[in-house]
Amino acid sequence: MRELLNRILESVKAFHSRLDRNRKILLYVGLSVLILALTFGILFFTRTEYVVVAQGLTAADAQIVTGQLDELGIPWQDSMNTSVISVPEAYASRARMEIAANVQAVSFSWSDFFSSESITMTSQTREQMIIQATASGVEESIETLTSVDNATVILQIPKESNYFVKDEIESKASVVLELKGGTSLNEQQINGIVSLIINSVKDLTAENVALLDSNGIQLNDPYRMDDFSANSNYELQYKVQQQMQHDLTSFLETLYGVGNVEVKPSVIMEFDRQTESQRIFSPPIEGEISGMVRSATTITENVVNSAGAVGVPGTDSNSGEATGYVEGDSGESSYEKASETLNYELNEIYREIISSQGDIKELSIGVLLNSTALIDGQLSNDHYTELVSLIAMSAGTAADNISVMVSEFPDPMAYYDVYTAEVEDGLVFGVPLWALIVVAVVTLIVVIVVVLMIRRKKAKEAEAAELEAQRKKELEAKRDLDEIDQIEEDKGSPKYHIEKFVDNNPEAAAALLRAWLND
(Lines give C-alpha, C1' and ligand atoms only; values in the text may rest on other atoms or scores of the structure.)
Protein backbone atom coordinates (compact mmCIF):
# COMPACT_ATOMS: atom_id res chain seq x y z
CA MET A 1 0.00 0.00 0.00
CA ARG A 2 2.84 2.37 0.88
CA GLU A 3 4.62 1.59 -2.38
CA LEU A 4 1.41 2.35 -4.29
CA LEU A 5 1.09 5.71 -2.55
CA ASN A 6 4.74 6.50 -3.32
CA ARG A 7 4.24 5.66 -7.00
CA ILE A 8 1.16 7.85 -7.14
CA LEU A 9 3.04 10.69 -5.44
CA GLU A 10 5.93 10.33 -7.86
CA SER A 11 3.51 10.38 -10.78
CA VAL A 12 1.90 13.56 -9.46
CA LYS A 13 5.30 15.22 -9.01
CA ALA A 14 6.39 14.20 -12.49
CA PHE A 15 3.12 15.52 -13.93
CA HIS A 16 3.52 18.79 -12.00
CA SER A 17 7.11 19.25 -13.12
CA ARG A 18 6.13 18.93 -16.78
CA LEU A 19 3.63 21.80 -16.51
CA ASP A 20 4.59 25.34 -17.43
CA ARG A 21 3.75 28.35 -15.25
CA ASN A 22 0.39 29.19 -16.86
CA ARG A 23 -0.86 25.64 -16.62
CA LYS A 24 0.21 25.41 -12.99
CA ILE A 25 -1.82 28.56 -12.18
CA LEU A 26 -4.82 27.10 -14.02
CA LEU A 27 -4.45 23.86 -12.05
CA TYR A 28 -4.33 25.69 -8.71
CA VAL A 29 -7.41 27.77 -9.55
CA GLY A 30 -9.34 24.68 -10.63
CA LEU A 31 -8.48 22.79 -7.45
CA SER A 32 -9.54 25.79 -5.33
CA VAL A 33 -12.88 26.05 -7.14
CA LEU A 34 -13.45 22.30 -6.74
CA ILE A 35 -12.73 22.44 -2.99
CA LEU A 36 -15.08 25.41 -2.53
CA ALA A 37 -17.82 23.65 -4.51
CA LEU A 38 -17.48 20.49 -2.44
CA THR A 39 -17.55 22.49 0.80
CA PHE A 40 -20.64 24.41 -0.26
CA GLY A 41 -22.36 21.20 -1.35
CA ILE A 42 -21.63 19.47 1.95
CA LEU A 43 -22.87 22.46 3.95
CA PHE A 44 -25.96 22.80 1.76
CA PHE A 45 -27.04 19.16 1.89
CA THR A 46 -26.15 18.61 5.55
CA ARG A 47 -27.64 21.82 6.94
CA THR A 48 -30.49 21.67 9.45
CA GLU A 49 -33.71 22.59 7.67
CA TYR A 50 -36.33 24.20 9.90
CA VAL A 51 -40.05 23.98 9.18
CA VAL A 52 -42.94 25.93 10.65
CA VAL A 53 -44.98 23.82 13.09
CA ALA A 54 -47.17 26.43 14.81
CA GLN A 55 -48.29 29.94 14.03
CA GLY A 56 -50.67 32.53 15.43
CA LEU A 57 -49.35 32.10 18.99
CA THR A 58 -49.72 34.68 21.70
CA ALA A 59 -46.69 35.64 23.76
CA ALA A 60 -47.92 33.53 26.69
CA ASP A 61 -48.61 30.51 24.47
CA ALA A 62 -45.24 30.89 22.75
CA GLN A 63 -43.53 30.85 26.14
CA ILE A 64 -45.35 27.63 27.08
CA VAL A 65 -44.50 26.02 23.74
CA THR A 66 -40.82 26.94 23.78
CA GLY A 67 -40.51 25.82 27.39
CA GLN A 68 -42.03 22.46 26.49
CA LEU A 69 -39.68 22.11 23.51
CA ASP A 70 -36.70 22.90 25.73
CA GLU A 71 -37.76 20.16 28.16
CA LEU A 72 -37.94 17.68 25.27
CA GLY A 73 -34.56 18.77 23.93
CA ILE A 74 -36.01 19.95 20.60
CA PRO A 75 -34.22 22.98 19.08
CA TRP A 76 -36.50 25.74 17.87
CA GLN A 77 -36.56 29.13 16.18
CA ASP A 78 -39.14 31.88 16.50
CA SER A 79 -40.14 34.67 14.17
CA MET A 80 -42.86 37.30 13.75
CA ASN A 81 -42.51 38.39 17.39
CA THR A 82 -42.51 34.78 18.64
CA SER A 83 -45.92 34.05 17.04
CA VAL A 84 -44.39 31.52 14.63
CA ILE A 85 -42.38 28.55 15.92
CA SER A 86 -40.09 26.47 13.69
CA VAL A 87 -38.21 23.26 14.54
CA PRO A 88 -35.91 20.94 12.57
CA GLU A 89 -37.83 18.82 10.09
CA ALA A 90 -36.86 15.61 11.89
CA TYR A 91 -38.63 16.81 15.08
CA ALA A 92 -41.65 18.44 13.42
CA SER A 93 -44.21 15.67 14.00
CA ARG A 94 -43.29 15.17 17.64
CA ALA A 95 -43.25 18.92 18.28
CA ARG A 96 -46.76 19.36 16.85
CA MET A 97 -48.13 16.61 19.09
CA GLU A 98 -46.53 18.12 22.19
CA ILE A 99 -47.77 21.60 21.32
CA ALA A 100 -51.32 20.31 20.79
CA ALA A 101 -51.27 18.62 24.20
CA ASN A 102 -50.23 21.81 26.03
CA VAL A 103 -51.72 24.70 24.02
CA GLN A 104 -55.35 24.57 22.94
CA ALA A 105 -55.59 27.58 20.58
CA VAL A 106 -52.88 27.26 17.93
CA SER A 107 -52.80 27.00 14.15
CA PHE A 108 -50.61 24.21 12.79
CA SER A 109 -48.65 24.39 9.54
CA TRP A 110 -48.20 21.33 7.29
CA SER A 111 -46.22 22.94 4.49
CA ASP A 112 -43.42 20.37 4.88
CA PHE A 113 -45.87 17.59 3.95
CA PHE A 114 -46.99 19.33 0.76
CA SER A 115 -44.28 19.56 -1.88
CA SER A 116 -46.24 18.90 -5.09
CA GLU A 117 -46.45 22.06 -7.16
CA SER A 118 -47.22 22.28 -10.85
CA ILE A 119 -48.07 25.03 -13.28
CA THR A 120 -50.98 22.97 -14.61
CA MET A 121 -52.35 22.23 -11.11
CA THR A 122 -55.75 23.81 -10.47
CA SER A 123 -56.63 25.52 -7.21
CA GLN A 124 -59.15 22.78 -6.38
CA THR A 125 -56.58 20.02 -6.95
CA ARG A 126 -54.05 21.90 -4.86
CA GLU A 127 -56.55 22.31 -2.02
CA GLN A 128 -57.37 18.60 -2.12
CA MET A 129 -53.71 17.64 -2.01
CA ILE A 130 -53.12 20.00 0.93
CA ILE A 131 -55.94 18.31 2.85
CA GLN A 132 -54.49 14.88 2.08
CA ALA A 133 -51.05 16.09 3.20
CA THR A 134 -52.66 17.40 6.40
CA ALA A 135 -54.15 13.96 7.11
CA SER A 136 -50.75 12.39 6.55
CA GLY A 137 -49.08 14.90 8.87
CA VAL A 138 -51.65 14.38 11.62
CA GLU A 139 -51.15 10.61 11.43
CA GLU A 140 -47.39 10.95 11.71
CA SER A 141 -47.69 13.32 14.67
CA ILE A 142 -50.08 11.01 16.54
CA GLU A 143 -47.79 8.05 15.97
CA THR A 144 -45.03 9.84 17.91
CA LEU A 145 -46.92 8.97 21.10
CA THR A 146 -45.34 5.98 22.79
CA SER A 147 -48.71 4.28 23.33
CA VAL A 148 -49.79 4.50 19.68
CA ASP A 149 -48.67 1.78 17.29
CA ASN A 150 -50.60 3.00 14.25
CA ALA A 151 -53.03 5.83 13.49
CA THR A 152 -55.51 6.22 10.64
CA VAL A 153 -57.04 9.65 9.99
CA ILE A 154 -60.16 10.08 7.85
CA LEU A 155 -61.32 13.61 7.01
CA GLN A 156 -64.79 14.40 5.65
CA ILE A 157 -64.79 17.83 4.02
CA PRO A 158 -67.98 19.36 2.51
CA LYS A 159 -67.91 19.44 -1.26
CA GLU A 160 -67.64 22.80 -2.98
CA SER A 161 -70.84 21.97 -4.92
CA ASN A 162 -72.82 22.26 -1.66
CA TYR A 163 -72.37 26.01 -1.55
CA PHE A 164 -75.99 26.81 -0.71
CA VAL A 165 -76.23 24.22 2.09
CA LYS A 166 -72.64 24.45 3.27
CA ASP A 167 -73.60 26.15 6.53
CA GLU A 168 -75.64 23.09 7.50
CA ILE A 169 -72.88 20.61 6.54
CA GLU A 170 -69.95 20.57 8.92
CA SER A 171 -66.53 19.02 8.49
CA LYS A 172 -65.95 15.75 10.34
CA ALA A 173 -62.92 13.71 11.31
CA SER A 174 -62.40 10.16 12.51
CA VAL A 175 -59.22 8.76 14.01
CA VAL A 176 -58.70 5.03 14.54
CA LEU A 177 -55.84 4.18 16.89
CA GLU A 178 -54.05 0.87 17.32
CA LEU A 179 -52.56 1.01 20.79
CA LYS A 180 -49.62 -1.04 21.91
CA GLY A 181 -50.39 -3.96 24.19
CA GLY A 182 -50.98 -3.01 27.81
CA THR A 183 -50.94 0.74 27.11
CA SER A 184 -53.61 3.43 27.11
CA LEU A 185 -53.95 7.16 26.52
CA ASN A 186 -54.48 9.59 29.36
CA GLU A 187 -56.94 12.46 29.20
CA GLN A 188 -54.27 15.02 28.29
CA GLN A 189 -53.11 12.95 25.32
CA ILE A 190 -56.69 12.41 24.13
CA ASN A 191 -57.42 16.13 24.36
CA GLY A 192 -54.12 16.83 22.60
CA ILE A 193 -55.05 14.61 19.64
CA VAL A 194 -58.46 16.30 19.34
CA SER A 195 -56.83 19.74 19.59
CA LEU A 196 -54.28 18.78 16.93
CA ILE A 197 -57.03 17.82 14.48
CA ILE A 198 -59.41 20.72 15.05
CA ASN A 199 -56.56 23.23 14.73
CA SER A 200 -55.36 21.61 11.50
CA VAL A 201 -58.66 21.37 9.60
CA LYS A 202 -60.70 24.45 8.80
CA ASP A 203 -64.16 24.77 10.40
CA LEU A 204 -63.77 21.55 12.40
CA THR A 205 -65.15 21.41 15.96
CA ALA A 206 -64.44 19.00 18.81
CA GLU A 207 -68.03 17.69 18.65
CA ASN A 208 -67.37 16.38 15.12
CA VAL A 209 -64.18 14.50 15.99
CA ALA A 210 -64.44 10.79 16.81
CA LEU A 211 -61.39 9.20 18.42
CA LEU A 212 -61.74 5.41 18.36
CA ASP A 213 -59.57 2.52 19.43
CA SER A 214 -59.21 -0.70 17.43
CA ASN A 215 -62.28 -2.14 19.22
CA GLY A 216 -64.50 0.74 18.09
CA ILE A 217 -64.73 2.30 21.55
CA GLN A 218 -64.83 6.09 21.43
CA LEU A 219 -62.08 7.52 23.60
CA ASN A 220 -63.20 11.13 23.49
CA ASP A 221 -66.69 12.13 24.57
CA PRO A 222 -67.65 15.74 23.83
CA TYR A 223 -70.67 15.32 26.12
CA ARG A 224 -68.81 14.32 29.29
CA MET A 225 -70.82 15.16 32.41
CA ASP A 226 -67.72 16.16 34.37
CA ASP A 227 -67.35 19.10 31.99
CA PHE A 228 -71.02 19.96 32.07
CA SER A 229 -71.34 23.67 32.86
CA ALA A 230 -73.55 26.51 31.72
CA ASN A 231 -73.53 30.26 32.17
CA SER A 232 -77.26 30.86 31.70
CA ASN A 233 -80.58 29.08 32.03
CA TYR A 234 -80.93 28.89 28.26
CA GLU A 235 -77.45 27.38 27.88
CA LEU A 236 -78.21 24.84 30.61
CA GLN A 237 -81.44 23.85 28.88
CA TYR A 238 -79.62 23.58 25.53
CA LYS A 239 -76.87 21.39 26.99
CA VAL A 240 -79.36 19.10 28.69
CA GLN A 241 -81.12 18.75 25.35
CA GLN A 242 -77.81 18.03 23.59
CA GLN A 243 -76.82 15.46 26.19
CA MET A 244 -80.17 13.69 25.88
CA GLN A 245 -79.93 13.74 22.09
CA HIS A 246 -76.44 12.23 22.19
CA ASP A 247 -77.38 9.53 24.71
CA LEU A 248 -80.54 8.47 22.88
CA THR A 249 -78.83 8.52 19.48
CA SER A 250 -75.96 6.37 20.71
CA PHE A 251 -78.42 4.01 22.38
CA LEU A 252 -80.63 3.59 19.30
CA GLU A 253 -77.68 3.30 16.91
CA THR A 254 -76.76 0.05 18.62
CA LEU A 255 -80.06 -1.33 17.26
CA TYR A 256 -80.30 0.33 13.85
CA GLY A 257 -76.71 1.16 12.96
CA VAL A 258 -74.66 4.33 12.93
CA GLY A 259 -76.19 7.09 10.86
CA ASN A 260 -79.65 5.48 10.71
CA VAL A 261 -81.19 7.39 13.63
CA GLU A 262 -82.03 11.05 14.14
CA VAL A 263 -83.27 12.10 17.59
CA LYS A 264 -84.67 15.54 18.35
CA PRO A 265 -85.70 16.06 21.99
CA SER A 266 -87.50 19.16 23.21
CA VAL A 267 -86.83 20.05 26.83
CA ILE A 268 -88.52 22.75 28.93
CA MET A 269 -86.95 23.24 32.35
CA GLU A 270 -88.34 24.87 35.48
CA PHE A 271 -86.08 27.59 36.83
CA ASP A 272 -88.50 29.21 39.37
CA ARG A 273 -87.59 28.68 43.04
CA GLN A 274 -90.35 27.47 45.44
CA THR A 275 -90.07 27.08 49.24
CA GLU A 276 -92.46 25.05 51.51
CA SER A 277 -92.24 25.02 55.35
CA GLN A 278 -93.72 22.20 57.53
CA ARG A 279 -93.94 21.72 61.35
CA ILE A 280 -94.86 18.14 62.35
CA PHE A 281 -95.42 16.66 65.85
CA SER A 282 -95.20 12.90 66.37
CA PRO A 283 -94.72 10.42 69.24
CA PRO A 284 -91.08 9.54 69.83
CA ILE A 285 -91.90 5.83 70.15
CA GLU A 286 -93.08 4.12 67.02
CA GLY A 287 -96.55 2.63 67.40
CA GLU A 288 -97.57 4.80 70.39
CA ILE A 289 -100.26 7.40 70.15
CA SER A 290 -99.82 9.26 73.45
CA GLY A 291 -96.10 9.68 73.53
CA MET A 292 -93.63 9.38 76.41
CA VAL A 293 -94.56 10.79 79.93
CA ARG A 294 -92.28 13.70 80.66
CA SER A 295 -93.79 14.65 84.10
CA ALA A 296 -96.83 13.63 86.32
CA THR A 297 -98.70 15.24 89.31
CA THR A 298 -101.31 13.27 91.41
CA ILE A 299 -103.28 14.57 94.50
CA THR A 300 -105.82 12.37 96.43
CA GLU A 301 -107.74 13.30 99.71
CA ASN A 302 -110.22 11.08 101.65
CA VAL A 303 -111.86 12.30 105.00
CA VAL A 304 -114.52 10.35 107.02
CA ASN A 305 -115.68 11.91 110.39
CA SER A 306 -118.19 9.39 111.59
CA ALA A 307 -116.60 6.09 112.21
CA GLY A 308 -113.00 7.16 112.01
CA ALA A 309 -110.46 8.06 109.47
CA VAL A 310 -110.01 5.84 106.50
CA GLY A 311 -106.71 5.49 104.80
CA VAL A 312 -103.15 6.16 105.66
CA PRO A 313 -102.60 9.53 107.24
CA GLY A 314 -100.42 11.93 105.33
CA THR A 315 -100.36 9.77 102.18
CA ASP A 316 -102.25 10.42 98.96
CA SER A 317 -103.58 7.47 97.10
CA ASN A 318 -102.05 7.07 93.62
CA SER A 319 -105.03 5.20 92.29
CA GLY A 320 -105.61 7.59 89.47
CA GLU A 321 -109.31 7.80 90.29
CA ALA A 322 -111.07 11.11 90.56
CA THR A 323 -111.99 12.41 93.99
CA GLY A 324 -115.55 11.74 94.92
CA TYR A 325 -117.69 13.52 97.52
CA VAL A 326 -120.42 11.55 99.34
CA GLU A 327 -123.18 13.15 101.34
CA GLY A 328 -125.23 11.11 103.70
CA ASP A 329 -128.22 11.77 105.97
CA SER A 330 -127.08 9.50 108.70
CA GLY A 331 -125.13 12.25 110.23
CA GLU A 332 -121.85 10.71 109.27
CA SER A 333 -119.41 12.97 107.29
CA SER A 334 -117.03 11.84 104.44
CA TYR A 335 -114.66 13.83 102.07
CA GLU A 336 -112.64 12.56 99.06
CA LYS A 337 -110.43 14.53 96.59
CA ALA A 338 -108.34 13.24 93.58
CA SER A 339 -106.21 15.24 91.03
CA GLU A 340 -103.86 13.95 88.29
CA THR A 341 -101.68 15.89 85.73
CA LEU A 342 -99.68 14.09 82.97
CA ASN A 343 -97.24 15.85 80.53
CA TYR A 344 -96.25 13.81 77.42
CA GLU A 345 -93.03 14.28 75.36
CA LEU A 346 -93.62 14.64 71.56
CA ASN A 347 -91.20 14.94 68.62
CA GLU A 348 -91.33 18.23 66.78
CA ILE A 349 -90.09 18.12 63.15
CA TYR A 350 -89.49 21.31 61.15
CA ARG A 351 -89.07 20.98 57.41
CA GLU A 352 -88.25 23.60 54.80
CA ILE A 353 -88.60 22.19 51.28
CA ILE A 354 -86.97 24.16 48.44
CA SER A 355 -87.67 22.89 44.95
CA SER A 356 -84.48 22.50 42.89
CA GLN A 357 -84.00 24.76 39.91
CA GLY A 358 -83.46 23.17 36.51
CA ASP A 359 -85.95 20.31 36.88
CA ILE A 360 -87.41 19.09 33.61
CA LYS A 361 -90.91 20.46 33.37
CA GLU A 362 -91.86 19.18 29.92
CA LEU A 363 -90.14 16.63 27.67
CA SER A 364 -91.04 15.46 24.19
CA ILE A 365 -88.95 13.38 21.82
CA GLY A 366 -89.10 12.96 18.06
CA VAL A 367 -87.28 10.02 16.48
CA LEU A 368 -86.64 9.55 12.77
CA LEU A 369 -85.51 6.11 11.53
CA ASN A 370 -83.86 5.26 8.22
CA SER A 371 -86.16 2.95 6.30
CA THR A 372 -83.18 1.10 4.82
CA ALA A 373 -82.30 -0.15 8.32
CA LEU A 374 -85.71 -1.82 8.73
CA ILE A 375 -87.06 -5.05 7.31
CA ASP A 376 -88.96 -4.22 4.11
CA GLY A 377 -88.50 -0.57 5.05
CA GLN A 378 -91.54 -0.70 7.34
CA LEU A 379 -92.10 -0.37 11.10
CA SER A 380 -94.76 -2.80 12.36
CA ASN A 381 -97.21 -1.81 15.09
CA ASP A 382 -95.65 -4.16 17.62
CA HIS A 383 -92.21 -2.87 16.79
CA TYR A 384 -93.44 0.70 17.08
CA THR A 385 -94.99 0.04 20.50
CA GLU A 386 -91.85 -1.68 21.79
CA LEU A 387 -89.61 1.11 20.47
CA VAL A 388 -91.71 3.87 22.02
CA SER A 389 -91.79 2.01 25.35
CA LEU A 390 -88.00 1.56 25.22
CA ILE A 391 -87.42 5.25 24.51
CA ALA A 392 -89.85 6.27 27.24
CA MET A 393 -88.08 4.16 29.84
CA SER A 394 -84.67 5.42 28.69
CA ALA A 395 -85.66 9.09 28.77
CA GLY A 396 -87.88 8.87 31.86
CA THR A 397 -91.00 10.25 30.23
CA ALA A 398 -94.45 9.06 29.19
CA ALA A 399 -95.00 7.21 25.92
CA ASP A 400 -97.46 9.90 24.85
CA ASN A 401 -94.55 12.35 24.63
CA ILE A 402 -92.70 10.26 22.01
CA SER A 403 -93.23 10.17 18.27
CA VAL A 404 -91.43 7.87 15.81
CA MET A 405 -91.36 8.28 12.04
CA VAL A 406 -89.75 6.23 9.26
CA SER A 407 -88.17 7.77 6.16
CA GLU A 408 -85.34 7.00 3.75
CA PHE A 409 -82.20 8.96 4.59
CA PRO A 410 -80.12 10.54 1.83
CA ASP A 411 -76.60 9.23 1.38
CA PRO A 412 -74.53 11.21 3.93
CA MET A 413 -71.36 10.83 1.89
CA ALA A 414 -72.97 12.57 -1.08
CA TYR A 415 -72.15 15.91 0.53
CA TYR A 416 -68.54 15.09 1.50
CA ASP A 417 -65.15 14.48 -0.03
CA VAL A 418 -63.24 11.86 1.96
CA TYR A 419 -59.51 12.26 2.45
CA THR A 420 -57.02 9.85 3.96
CA ALA A 421 -53.25 9.79 4.17
CA GLU A 422 -53.09 6.69 1.99
CA VAL A 423 -52.94 6.79 -1.79
CA GLU A 424 -56.24 5.65 -3.26
CA ASP A 425 -56.37 2.17 -4.78
CA GLY A 426 -55.39 2.14 -8.44
CA LEU A 427 -53.51 5.44 -8.17
CA VAL A 428 -49.77 5.98 -8.35
CA PHE A 429 -48.73 9.53 -7.51
CA GLY A 430 -52.32 10.58 -8.11
CA VAL A 431 -52.49 8.99 -11.61
CA PRO A 432 -54.69 5.95 -12.37
CA LEU A 433 -52.73 2.74 -12.80
CA TRP A 434 -54.44 1.94 -16.11
CA ALA A 435 -53.30 5.30 -17.48
CA LEU A 436 -49.71 4.54 -16.51
CA ILE A 437 -49.96 1.13 -18.22
CA VAL A 438 -51.31 2.73 -21.41
CA VAL A 439 -48.54 5.32 -21.37
CA ALA A 440 -45.92 2.59 -20.83
CA VAL A 441 -47.29 0.46 -23.68
CA VAL A 442 -47.49 3.42 -26.06
CA THR A 443 -43.97 4.47 -25.11
CA LEU A 444 -42.69 0.93 -25.71
CA ILE A 445 -44.37 0.79 -29.12
CA VAL A 446 -42.92 4.17 -30.07
CA VAL A 447 -39.44 3.06 -28.98
CA ILE A 448 -39.72 -0.17 -30.99
CA VAL A 449 -40.93 1.72 -34.08
CA VAL A 450 -38.13 4.27 -33.78
CA VAL A 451 -35.51 1.52 -33.36
CA LEU A 452 -36.86 -0.34 -36.42
CA MET A 453 -36.88 2.86 -38.46
CA ILE A 454 -33.30 3.64 -37.42
CA ARG A 455 -32.19 0.13 -38.28
CA ARG A 456 -33.99 0.28 -41.65
CA LYS A 457 -32.44 3.65 -42.39
CA LYS A 458 -28.97 2.35 -41.51
CA ALA A 459 -29.53 -0.71 -43.72
CA LYS A 460 -30.59 1.51 -46.63
CA GLU A 461 -27.59 3.76 -46.10
CA ALA A 462 -25.27 0.74 -45.99
CA GLU A 463 -26.87 -0.66 -49.13
CA ALA A 464 -26.56 2.71 -50.88
CA ALA A 465 -22.93 3.03 -49.81
CA GLU A 466 -22.24 -0.46 -51.10
CA LEU A 467 -23.91 0.36 -54.41
CA GLU A 468 -21.95 3.59 -54.65
CA ALA A 469 -18.68 1.78 -53.98
CA GLN A 470 -19.53 -0.83 -56.58
CA ARG A 471 -20.42 1.92 -59.07
CA LYS A 472 -17.13 3.67 -58.40
CA LYS A 473 -15.26 0.43 -58.96
CA GLU A 474 -17.12 -0.08 -62.22
CA LEU A 475 -16.33 3.48 -63.29
CA GLU A 476 -12.64 3.07 -62.44
CA ALA A 477 -12.50 -0.21 -64.30
CA LYS A 478 -14.17 1.36 -67.32
CA ARG A 479 -11.77 4.30 -67.21
CA ASP A 480 -8.80 1.95 -67.14
CA LEU A 481 -10.18 0.07 -70.12
CA ASP A 482 -10.66 3.34 -71.99
CA GLU A 483 -7.08 4.34 -71.30
CA ILE A 484 -5.82 0.97 -72.50
CA ASP A 485 -7.92 1.25 -75.66
CA GLN A 486 -6.64 4.77 -76.16
CA ILE A 487 -3.06 3.61 -75.79
CA GLU A 488 -3.60 0.74 -78.22
CA GLU A 489 -5.15 3.14 -80.70
CA ASP A 490 -2.09 5.54 -80.48
CA LYS A 491 0.63 2.86 -81.17
CA GLY A 492 0.37 3.25 -84.95
CA SER A 493 0.70 7.05 -84.97
CA PRO A 494 3.99 9.00 -85.48
CA LYS A 495 3.54 10.70 -82.15
CA TYR A 496 3.66 7.35 -80.37
CA HIS A 497 6.90 6.38 -82.13
CA ILE A 498 8.51 9.77 -81.45
CA GLU A 499 7.64 9.66 -77.75
CA LYS A 500 8.94 6.12 -77.54
CA PHE A 501 12.17 7.14 -79.27
CA VAL A 502 12.66 10.10 -76.94
CA ASP A 503 12.07 7.88 -73.91
CA ASN A 504 14.52 5.25 -75.10
CA ASN A 505 17.19 7.56 -76.65
CA PRO A 506 17.10 10.91 -74.92
CA GLU A 507 20.64 11.94 -76.01
CA ALA A 508 20.02 11.16 -79.67
CA ALA A 509 16.72 12.99 -79.46
CA ALA A 510 18.52 16.02 -78.00
CA ALA A 511 21.15 15.98 -80.79
CA LEU A 512 18.44 15.82 -83.43
CA LEU A 513 16.64 18.69 -81.79
CA ARG A 514 19.79 20.85 -81.72
CA ALA A 515 20.50 20.03 -85.39
CA TRP A 516 16.92 20.92 -86.24
CA LEU A 517 17.26 24.23 -84.45
CA ASN A 518 20.62 25.09 -86.12
CA ASP A 519 19.14 24.51 -89.53
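Looking at an unreviewed UniProt entry, the protein chain carries the name Flagellar M-ring protein, with the source organism given as Fusibacter tunisiensis. Taken directly from UniProt, the Function (unreviewed entry) text for the protein chain runs: "The M ring may be actively involved in energy transduction." The UniProt entry for the protein chain carries this comment under Sequence similarities (unreviewed entry): "Belongs to the FliF family."

Glancing now at the nonpolar core. Formed by 41 residues in total, the largest nonpolar core has its most connected members in Val53, Ile142, Leu155, Leu177, Ile193 and Ile197. Not counting residues within four places of it along the chain, the set of residues in contact with leucine 177 comprises Ile142, Val148, Asn150, Ala151, Leu185, Ile193, Leu211, Leu212, Asp213, Ser214 and Leu219. In this structure, Met244, Leu363, Leu387 and Ile402 belong to the second largest nonpolar core, which totals 23 residues.

Moving on to the pattern of salt bridges. Across all of its chains, the model carries 2 salt bridges by this definition. Measuring nitrogen to oxygen at the nearest pair gives 4.0 Å for the salt bridge that ties glutamate 235 to lysine 239. With glutamate 235 and lysine 239 both in helix H7 (residues 233-256) and 4 residues apart, the pair spans about one turn of that helix. On the accessibility criterion, glutamate 235 (26% relative accessible area) is partly exposed. Between glutamate 468 and arginine 471 there is a salt bridge; the shortest N-O distance is 2.5 Å. Placement of the pair is glutamate 468 and arginine 471 together in helix H9 (residues 433-490), with a separation of 3 residues, close to one helical turn. Classification of arginine 471 by relative accessible area gives partly exposed; the value is 41%.

All right, on to the pairing of strand E13 (residues 359-370) then. Pairing of strand E8 (residues 261-270) with E13 involves 10 bridges; the strand directions are antiparallel. Across the sheet, residue glutamate 262 finds its bridge partner in E13, namely leucine 368. In this sheet, strand E14 (residues 402-407) lies alongside E13 in parallel orientation, the contact comprising 6 bridges. From the neighbouring strand, leucine 368 faces E14, where its bridge partner is methionine 405. Once you follow E13 into helix H8 (residues 381-395) and on to E14, the crossover reads as right-handed.

If you check helix H5 (residues 123-142), its first and last C-alpha atoms are 29 Å apart, about what 20 residues at 1.5 Å a residue would give, namely 28 Å. All buried positions along H5 are accounted for by Ile131, Ala133, Thr134, Ala135, Gly137, Val138, Glu139, Ser141 and Ile142. Looking at the buried side of H5, the elements it contacts are helix H4 (92-102), strand E5 (148-158), strand E6 (172-179), helix H6 (187-198) and strand E15 (416-420).

What follows deals with the layout of surface pockets. In this model, the largest pocket occupies a volume close to 2,000 Å³. Among the elements of the structure, E6, strand E7 (209-213), H7, E8 and E13 are those that each provide at least two residues to the lining of the largest pocket.

Moving on, we get to the sheet that holds strand E4 (residues 107-108). Pairing is antiparallel in the open sheet, where 4 strands are placed in the order E2-E3-E1-E4. Two strands lie at the open edges of the sheet, namely strand E2 (77-79) and E4, each paired on one side alone. Where strand E1 (residues 50-55) and E4 come together, 2 bridges link them in antiparallel fashion. Along E4, the bridge assignment pairs alanine 54 with phenylalanine 108. Its contacts with the sheet put H4 on E1, strand E3 (84-88) and E4, and the angle it makes with E1 is roughly 15°.

Parameters and conventions
- Residues numbered from 1 in each chain as written.
- Predicted model: local features only at pLDDT ≥ 70, side-chain atom pairs only at ≥ 80, totals over all residues.
- Heavy atoms only, no water.
- UniProt positions renumbered as here; feature names shortened; annotations may be inferred.
- Core = buried A, V, L, I, M, F, W, Y, C linked by side-chain atoms within 4.5 Å.
- Buried < 20%, exposed > 50% of the residue type's maximum accessible area, 1.4 Å probe, protein only.
- Contact = heavy atoms within 4.5 Å.
- Salt bridge = Lys/Arg side-chain N within 4 Å of Asp/Glu carboxyl O.
- Helix = DSSP H or I, 4+ residues; strand = E, 2+ residues; numbered from the N terminus.
- Pairing = 2+ DSSP bridges.
- Right-handed = clockwise from strand over helix to strand, strands pointing away.
- Expected span 1.5 Å × (residues − 1).
- 1 Å grid on protein atoms, 1.4 Å probe; cavity = no way out; pocket = protein on both sides within 12 Å on 5 of 7 lines; lining within 4 Å.
- Points joined across faces, edges and corners; volume = space filled by probe spheres on them.
- Axes fitted to C-alpha atoms, helices over the stretch in contact; angles between N-to-C directions.

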